[in-house]
Amino acid sequence: MKILYGMQKPDEGTIAIDGEQVSFSTPGDAIARGIGMVHQHFMLADNLTVLENVVLGGEKLHGIGAKARKKIKEISDAYGLGVRPDALVEDLGVADRQRVEILKVLYRGAQILILDEPTAVLVPQEVDALFDNLRELKAEGLTVIFISHKLGEVLKVADDITVIRRGTTVGTADPRTATTKQLAELMVGAELPSPETRESTVTDVPMLQVKNLTLAASDAVVAEPEVLAPAVAADSAIMEHVEVGRLLLDDVSFTIHKGEILGIAGVEGNGQTELIEALMGMASTDAGVITLDGTDITKAPVRKRREGGIGYIPEDRHRHGLLLESPLWENRILGHVTEAPNSKRGILDPKAVRKDTERIVREYDVRTPGIEVTAASLSGGNQQKLIVGREMSHNPKFLIAAHPTRGVDVGAQAQIWDAIRDARREGLAVLLISADLDELIGLSDTLRVIYRGRLVADADPATVTPEELGTAMTGAASGHLEATDNHSAAADGDTTEDEAR
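Source: prediction; values computed, not measured. (Residues numbered from 1 in each chain as written. Predicted model: local features only at pLDDT ≥ 70, side-chain atom pairs only at ≥ 80, totals over all residues. Heavy atoms only, no water.)

## Comments concerning the sheet that holds strand S8 (residues 206-216)
One open sheet accounts for four strands, arranged S9-S8-S11-S12; its pairing is antiparallel. The open sheet has two edge strands, strand S9 (247-257) and strand S12 (295-296), and neither has a second partner. The pairing of strand S11 (residues 287-292) with S12 spans two bridges and is antiparallel. Bridged to Leu292 within S12 is Thr295. The strands that helix H11 (residues 272-280) touches are S8, S9 and S11; relative to S9, the one it contacts most, it runs at about 60 degrees. (Pairing = 2+ DSSP bridges. Helix = DSSP H or I, 4+ residues; strand = E, 2+ residues; numbered from the N terminus. Contact = heavy atoms within 4.5 Å. Axes fitted to C-alpha atoms, helices over the stretch in contact; angles between N-to-C directions.)

## Brief notes about the packing of aromatic side chains
This model, assessed by the stated rule, comprises one aromatic pair. Between Phe131 and Phe146, the aromatic rings sit 5.8 Å apart at their centres with planes inclined by 75 degrees, giving edge-to-face as the arrangement. On the criterion of sequence distance, the pair formed by Phe131 in helix H6 (residues 124-139) and Phe146 in strand S5 (residues 143-147) is long-range, its members being 15 residues apart. Taken as a pair, Phe131 and Phe146 share a single burial class, namely buried. Looking at Arg354, its charged tip hangs above the ring of Trp329, at a distance of 4.0 Å from the centre. (Phe/Tyr/Trp six-rings, centres within 6.5 Å; stacked < 30°, edge-to-face > 60°. Buried < 20%, exposed > 50% of the residue type's maximum accessible area, 1.4 Å probe, protein only. Lys NZ or Arg CZ within 6 Å of the ring centre and 35° of its normal.)

## Quick look at the environment of Asp128
Examined against the element boundaries, Asp128 turns out to sit in helix H6. When its relative accessible area of 35% is taken as the criterion, Asp128 is described as partly exposed. Sequence spacing of Asp128 and Val157 is 29 residues, and the spatial spacing of their C-alpha atoms is 9.7 Å. Looking at Asp128, its side chain comes within polar contact range of the side chain of Lys156, at 2.9 Å. (Polar contact = N/O pair within 3.5 Å; in protein donor to acceptor, adjacent residues only side chain to side chain.)

## Notes on helix H8 (residues 180-188)
Three or more residues of H8 are buried, namely Leu183, Ala184 and Met187. Buried positions in H8, seen along its axis, are confined to an arc of 100 degrees and lie on one side of it. Of the surrounding secondary structure, the elements contacted by the buried residues of H8 are helix H7 (151-157), strand S6 (161-165), strand S7 (168-173) and helix H17 (410-425). (Arc of directions from axis to C-beta.)

## Re the pairing of strand S17 (residues 429-433)
Within a regular strand, the side chains alternate between the two sheet faces. Of all five residues in S17, five are buried, a share of seventy percent or more. By the alternation rule, side chains of S17 split into Ala429, Leu431 and Ile433 and Val430 and Leu432, which are all buried. When strand S10 (residues 261-265) meets S17, the two strands line up parallel, connected through four bridges. Opposite Gly263, over in S17, you have Leu432 as the bridge partner. Direction of pairing for strand S16 (residues 398-402) relative to S17: parallel, over a ladder of five bridges. Residue pairing for S17: Ile400 is matched across the bridge by Leu431. With H17 bridging S16 and the parallel S17, this β-α-β connection has right-handed handedness. (Right-handed = clockwise from strand over helix to strand, strands pointing away.)

## A closer look at the pairing of strand S18 (residues 446-451)
Relative to S18, S10 runs parallel, the two being bridged by four bridges. What sits directly across from Leu262, in S18, is Thr446. Pairing geometry for S18 and strand S19 (residues 454-459), over five bridges, is antiparallel. Within S19, the residue paired with Val449 across the bridge is Ala457. In this structure, the hairpin formed by S18 and S19 is closed by a connection of two residues, where Arg452 is found at a positive phi of approximately 50 degrees.

## Overview of the side chain of Asp356
Mapped onto the elements, Asp356 comes out in helix H15 (residues 350-363). A polar contact is formed between the side chain of Asp356 and the side chain of Arg359, at a distance of 2.8 Å. If we skip the residues at most four places from it in the chain, Asp356 touches Arg332, Pro341 and Ser393.

## Overview of unusual backbone geometry
Negative phi is the rule for most residues except glycine; trans is the rule for most peptide bonds. For the bond from Ala340 to Pro341, the omega torsion is 0 degrees, close enough to zero to count as cis. Within the fold, Pro341 resides in the loop between helix H14 (328-331) and strand S14 (343-344). If you check the backbone angles, Asn212 has positive phi at about 55 degrees while not being a glycine. As for its placement among the helices and strands, Asn212 is situated in strand S8. Not every positive phi belongs to a glycine, and Arg345 is a case in point at roughly 50 degrees. Residue Arg345 is classed as exposed on the basis of its relative accessible area of 77%.

## Some thoughts on the sheet that holds S5
Strand order in this open sheet of three strands is S3-S4-S5, and the pairing throughout is parallel. Two strands close off the open sheet at either side, each with one partner strand: strand S3 (35-38) and S5. Adjacent strand axes in the sheet meet at a mean angle of 15 degrees when their direction is disregarded. Summarising the sheet, strand S4 (residues 112-116) and S5 pair through five bridges and their orientation is parallel. Bridge pairing in S5 places Leu113 opposite Val144.

Following this line, the structure appears as structure tokens:
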């Protein structure tokens, strides 16, 4: 895809558009020929607004002011993207960033759309909406290249399927006749791995206890709109985003026992990131108590929590998990500077770090020519396996796993699931946050749904369906999601007055 988008030059081979052979030296060349790409790892400037990101490089199309804003709103409304032009990108969740990327491509009038793992952070209802949009684009004459390891989705949306393994085309398939089993065998030479966990390892020993955790938005406006400065109150663009006394986490309480995986389901931006930051010590909470293995860590700094046994697989491996331009052995140290084998008596031990990095590469099947190469040179799946290996190497008591298999191939997916399951069997407590509902249902012992900073529903992973979970994630259901005839009463909106409250 990087070659098709002009980011990388091929050694040999040809590319033809509308029968004409082309050669791209830069992404600008590809854009000029009507190719747009939404990358798995987003290419957005965090310190700019949505509008500024969309017009960046395309200023000549509609300017940078009212005309551009109007065009962005038209595209957003037409495809149900719901973007806010004045929002800072650094304040957006993963799903919102993806929508900005799609809008950016459509804004430039792309005729060939490349989508790399576009459904990785969407709930089933959002996936259906995206597929409807893709069908609209196709009906208007656009060509879509849809890259995904979710085989059911590929079969649902594709007109033609090509399977690539280790950089080589290994086969093609007709979505009208192909099965997921056949595609999986082409992809990995075996049946598709399943996240399903059959045996229970849950104990009655609490490992992490969270009570009444509350976190107010730092930009929350406490005053009523009428007592704000007149210029602010009159500015509808500002007032649209002012929420009085907004709570990012609202009285959150739960317990995770040794050997238990607690899954948190929620549409991106409903408090998952803030919950992680509160548990890691990256954000100071306004109320509540966090207890790890009997010790109150509510006020403990990040380092003490790390040393106390918290492991962390971040939701965005590039922004929070790796130093991309540093070698693998330096990335091995991150988050565990003071712990063995990284340091001895307060001094870093590069020799021991290199040796342990080689062990991680071997045990977690990180495919790399060596540990001196940069993290940026690895594929997404191998980067993720390096992070999982790093976190598991310190035998954590409690693991925060945020989107642990997002955008990785099925082989790496299976290895990461196995690593989490093996540690769980040894007594590890896990908080699993994922947009892959099959993963959540398959791995979790207990499921909770987060909506607008509150835990609004719970479900039994053995009986709940992705559709029922997706309905609760959009705020349409609360309480306990009971499955009856493959539909929960709650998912149909049949909630009691207390549950609704």
